[in-house]
Amino acid sequence: MKTVLTAKLKLQMLPDQFQALRHTQLAYRDALNFVSQYAYAHGNMSNRVALQDGTYDEVRARFHLPSQMACSVPRQVGATYKTLWTKVKHNAALRKAGKTKKRYKGLDQAPKYVSPTLTYQYQKDYSFKAGQHVSILTLRGRVIVPYSGYHEHVTLIAKGAHIGAAKLWYDHAKKHFYLLVSLEMEFADPMPETHTGIAGVDVGVRYLAVTATTMGSHSFHSGKAIVPKANHYARLRRRLQTKGTRSATRRLIAISGRERRLKQDANHVVSTRIVTRHPNSLIGLENLTDIRERTRRTRGKNATRKQRKANAAYSKWSFAELQGMIAYKALLHGSMAIKVDAHYTSKACPMCGHTCDANRPNKGLLFVCQNCHYMLHADLVGARNIAMRTLLVRQDWASTGVLSIRPDVSSDEAKAERLRRYSELRWSLDTSPRALAGGN
């Protein structure tokens, strides 16, 4: 089993090396915009081979990029246009189904690349040297510079981890270059016998994550100290966008970086706590496909202030980032994360299976079953339901030898069958793998 990590390496360079890298970055960005205009002029072309055939010589002559970079440019532009075409087709399907009236305008003009981040190919554009040095290609030739980074990532690079492509990123505020290196790690194939623990993770805003195990333990990871800061940045960003001056734009860039780092740090802390508390476990995560649409309240003129506030809250937090961190950190701790259905996890009673909207009075944090009158924190109910669904996946894995990493959402019949099985689950500490094995 393989997973990919990103090592962030800070480059320590001399002034002339700094200028060489900066000029290379800007030339790469200009080449991206040139190829983007070419693709737009030729019917929003997304085929990277055709783009390379039509622009390679011009990119080499006009921007003086090395051959490998000149090949990376049309590849990146082609990927951008493929993504835009996917969004156009998805929007067309939604319009045909009557779910939206807005037309996606992503291909009405050529995409413009603003960030000067460029892509390096390992052993072609960059390579590692002894003594924590890296050789990087520039328009003036190669430069060899020392680097520093997280000690575990540096150790992985030194011990021969499978190294992939890298991105050269420039921190404009701090005037520093960073090399973002892709590291591929391989782990032994998971087995049911090695993943005896079961945990379910329910993500949210008020509580960034709530975990529950089949042994009865649980934990709450509050966002009380983080969410007010994020709301403050949102209000400040709204005022600056209204102002619209150049100084306001510069301030917006600084604030966006702070907000991104705030959320990223919170997600790192929460994900680390979760995986360290559940080693050698199967960790269930909600399948959050289309979570924005499923949780969105009324919009438009009929939306109340509370509904608008709820929509803004759910659109701001990076649930997918938190789940991604849990997934890769779980592998490092001998665990494994899988996706389970998120449908009705906070509305279904874990004791009797009764499911209805009334189980969440006023959509609050209190869960009250209308059938058996079971009462509990709603987020903990969601985590327990996820844990039981994860246990069901593990039981299927043990009996069939096949692990379902992600629920199949392509078939309505398969979905209905899964929901039927979930409705039969009942919360009991006697159903844990350790209890069945006679363990503690």
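Up top is the structure these notes are about.
An account of the accompanying structure is given in this report. (Residues numbered from 1 in each chain as written. Predicted model: local features only at pLDDT ≥ 70, side-chain atom pairs only at ≥ 80, totals over all residues. Heavy atoms only, no water.)

Some words on unusual backbone geometry
Backbone phi values are negative for most residues with the exception of glycine, while trans is the configuration of most peptide bonds.
Turning to step 1, where the next piece is worked out: Positioned with a positive phi, Gln132 is a non-glycine residue whose angle comes to about 55°.
Turning to step 2, where the next piece is worked out: Following the sequence through the fold, Gln132 ends up in the loop between β3 (126–129) and β4 (133–138). (Helix = DSSP H or I, 4+ residues; strand = E, 2+ residues; numbered from the N terminus.)

Side note on the sheet that holds strand β7 (residues 176–186)
Turning to step 1, where the next piece is worked out: An order of β2-β6-β7-β1-β5-β4-β3 is seen for the seven strands of this open sheet, with the pairing classed as antiparallel. Looking at strand neighbours, the two that pair on one side only are β2 (118–120) and β3, the edges of this open sheet. Strand after strand, the sheet turns through a mean of 35° between neighbouring axes, direction not considered.
Turning to step 2, where the next piece is worked out: Of the strands in this sheet, β1 (2–11), β3, β5 (141–149), β6 (162–171) and β7 touch helix α4 (residues 151–158), which is tilted by about 110° from β1. (Pairing = 2+ DSSP bridges. Axes fitted to C-alpha atoms, helices over the stretch in contact; angles between N-to-C directions. Contact = heavy atoms within 4.5 Å.)

Details of the nonpolar core
Turning to step 1, where the next piece is worked out: With 47 residues, the main nonpolar core has Leu11, Leu179 and Val181 as its most contacted residues.
Turning to step 2, where the next piece is worked out: With nine residues, helix α1 (residues 15–41) is the single largest residue contributor to this core.
Turning to step 3, where the next piece is worked out: In this structure Leu11 touches Leu21, Val134, Ile136, Val145, Pro146, Tyr147, Leu168, Phe177 and Leu179, once residues within four positions along its chain are discounted.
Turning to step 4, where the next piece is worked out: Listed in part, the 26 residues of the second largest apolar core include Val270, Val275, Leu285 and Phe319. (Core = buried A, V, L, I, M, F, W, Y, C linked by side-chain atoms within 4.5 Å. Buried < 20%, exposed > 50% of the residue type's maximum accessible area, 1.4 Å probe, protein only.)

Comments concerning the packing of aromatic side chains
Turning to step 1, where the next piece is worked out: Under the defined criterion, the tally for this structure stands at eleven aromatic pairs.
Turning to step 2, where the next piece is worked out: The interplanar angle of 45° and the centroid separation of 6.3 Å between the aromatic rings of Tyr122 and Phe128 together place this pair among those described as tilted.
Turning to step 3, where the next piece is worked out: Tyr122 sits in the partly exposed class, given a relative accessible area of 25%.
Turning to step 4, where the next piece is worked out: The class of Phe128 is buried, set by a relative accessible area of 17%.
Turning to step 5, where the next piece is worked out: Note on Trp169 and Tyr178: the rings are 5.5 Å apart at their centroids and 35° apart in plane angle, and the pair reads as tilted.
Turning to step 6, where the next piece is worked out: In this structure Trp169 comes out as partly exposed when scored by relative accessible area, which is 24%. (Phe/Tyr/Trp six-rings, centres within 6.5 Å; stacked < 30°, edge-to-face > 60°.)

Focus on helix α10 (residues 378–400)
Turning to step 1, where the next piece is worked out: Between its first and last C-alpha, α10 extends 33 Å over 23 residues, near the 33 Å set by a 1.5 Å rise per residue.
Turning to step 2, where the next piece is worked out: Among the 23 residues that make up α10, 18 are buried, leaving the element largely enclosed by the rest of the structure.
Turning to step 3, where the next piece is worked out: Directly beyond the C-terminal end of α10, a positive phi value near 80° is found at Gly401. (Expected span 1.5 Å × (residues − 1).)

Section: the pairing of strand β8 (residues 197–203)
Turning to step 1, where the next piece is worked out: Burial analysis of β8 places seven of its seven residues in the buried class, which makes it a mostly covered element.
Turning to step 2, where the next piece is worked out: Residues Gly197, Ala199, Val201 and Val203 point to one face of β8 and Ile198, Gly200 and Asp202 to the other, with burial holding for every one of them.
Turning to step 3, where the next piece is worked out: Across five bridges, the pairing between β8 and strand β11 (residues 281–286) is parallel. Within β11, the residue paired with Gly197 across the bridge is Ser281.
Turning to step 4, where the next piece is worked out: Examined bridge by bridge, β8 and strand β9 (residues 207–213) share five bridges and lie antiparallel to one another. Bridge assignment links Gly200 to a residue of β9, and that residue is Ala212.
Turning to step 5, where the next piece is worked out: The loop that links β8 with its antiparallel partner β9 comprises three residues.

Treat this as a map of the structure, not an account of what it does.
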